[in-house]
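An overview of the molecular structure
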Amino acid sequence: AIFRDMVEKEGLSEKILIDSAATSSWEHGNPVHSGTRKELAKVGIGVEGMYSRILNDNDLEADYIVGMDNSNIENIKKFIAGRKTGEVKKLLEYAGEDRIIDDPWYTGDFKTTFNDVTKGCTALLDKIKRDDL
């Protein structure tokens, strides 16, 4: 939702396709967590129509496949299993940081997660604008 909002504000929605998928089925079909919705609403970012779905073969066509933590990246790489796909990285790697983004479902700290995701999304968007557009 944060990246989608950034791309829309830059007027790049026609050039950058954004989607989100889970690497596990725990939350399959569920809407965005209420704590995340509240944090995003504070800055006017909506999550309408966003429900958890599982990573699938169509996702391998993406130029960038981004995970939040080491477990996400491991699961993505297992799913890819040697098939051709886009770049796979943790989101904060685009901001020059080799660290994970903690899941606020476990930490309860939605503000820190929001700040980390914003930092990573900003850096990813800068990279896409610089290298791909």
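To keep things clear, this report deals only with the structure shown in the data block.

What counts and what doesn't
Residues numbered from 1 in each chain as written. Predicted model: local features only at pLDDT ≥ 70, side-chain atom pairs only at ≥ 80, totals over all residues. Heavy atoms only, no water. Pairing = 2+ DSSP bridges. Helix = DSSP H or I, 4+ residues; strand = E, 2+ residues; numbered from the N terminus. Right-handed = clockwise from strand over helix to strand, strands pointing away. Axes fitted to C-alpha atoms, helices over the stretch in contact; angles between N-to-C directions. Left-handed = near helix turned anticlockwise from the far one by under 90°. Contact = heavy atoms within 4.5 Å. Nonpolar A, V, L, I, M, F, W, Y, C, P; charged D, E, K, R; others polar. Buried < 20%, exposed > 50% of the residue type's maximum accessible area, 1.4 Å probe, protein only. Arc of directions from axis to C-beta. Core = buried A, V, L, I, M, F, W, Y, C linked by side-chain atoms within 4.5 Å. Lys, Arg positive; Asp, Glu negative; His and termini not counted. Salt bridge = Lys/Arg side-chain N within 4 Å of Asp/Glu carboxyl O. Polar contact = N/O pair within 3.5 Å; in protein donor to acceptor, adjacent residues only side chain to side chain.

So, about the pairing of strand E2 (residues 87–90). Across 4 bridges, the pairing between strand E1 (residues 64–67) and E2 is parallel. Each bridged residue has a counterpart across the sheet, and for Ile-65 the counterpart in E2 is Val-88. On the question of chirality, the crossover connecting E1 to the parallel E2 by way of helix H3 (residues 70–80) is right-handed.

Another aspect to go through is the packing of helix H2 (residues 34–41) against helix H5 (residues 110–131). Two elements in contact, H2 and H5, have axes whose closest approach is 10 Å; the angle formed by their N-to-C orientations is 65°. Like other packed secondary-structure pairs, H2 and H5 cross with a definite hand, here right-handed. Packed against H2, whose contacting residues are Gly-35, Thr-36, Glu-39 and Leu-40, the element H5 presents Phe-110, Lys-111 and Phe-114 at the interface. The residue inventory of the contact of H2 with H5, partitioned by class, reads 3 nonpolar, 2 polar and 2 charged.

Taken together, the buried positions of H2 are occupied by Gly-35, Glu-39 and Leu-40. Taken around the axis of H2, the buried residues stretch over an arc of 130°, which confines them to a single face. Relative to its buried face, H2 has exposed residues pointing more than 90 degrees away, namely Lys-38 and Ala-41. Where the residues of H2 are buried, they touch helix H1 (2–9) and H5.

Of all hydrophobic cores here, the largest spans 22 residues; its most connected members are Ile-2, Phe-3, Ile-16, Cys-121, Leu-124 and Leu-125. Looking at this core element by element, the count peaks at 7 residues for H5. Listed in part, the 6 residues of the second largest apolar core include Leu-55, Ile-73, Ile-76 and Ile-80.

Residue placement: Asp-69 occurs in the loop between E1 and H3. Look at Asp-69: it is buried, it has no salt bridge, and the nearest opposite charge is Lys-90 at 8.7 Å. A polar contact of 3.1 Å, which involves the side chain of Asp-69, links it to the backbone nitrogen of Ser-71. The contact partners of Asp-69, leaving out residues within four places of it in the chain, are Lys-90, Ile-100 and Ile-101.

Attention now moves to the environment of Tyr-64. Within the secondary structure, Tyr-64 sits in strand E1. In this structure the C-alpha to C-alpha distance between Tyr-64 and Phe-110, which are 46 residues apart in sequence, comes to 24 Å. If we ignore the near neighbours within four places in the chain, the residues touching Tyr-64 are Glu-87, Tyr-94, Leu-124, Lys-127, Ile-128 and Asp-132. Side chain to side chain, Tyr-64 and Asp-132 meet in a polar contact 2.3 Å long.

The topology assignment puts Gly-44 in the loop between H2 and E1. On the basis of relative accessible area, Gly-44 is assigned to the exposed category, the value being 62%.

What follows covers the pattern of salt bridges. In the structure shown here, the tally under the stated rule is 13 salt bridges. The shortest N-O distance in the salt bridge between Asp-19 and Arg-53 comes to 2.8 Å. Taken as a pair, Asp-19 in the loop between H1 and H2 and Arg-53 in the loop between H2 and E1 lie far apart in primary sequence, 34 residues in all. Put simply, Arg-130 and Asp-131 hold a salt bridge, and the shortest N to O gap is 3.3 Å. Arg-130 sits in the exposed class, given a relative accessible area of 59%. What you see here is one network of salt bridges that share partners, running through Glu-97, Arg-99, Asp-116 and Lys-119.

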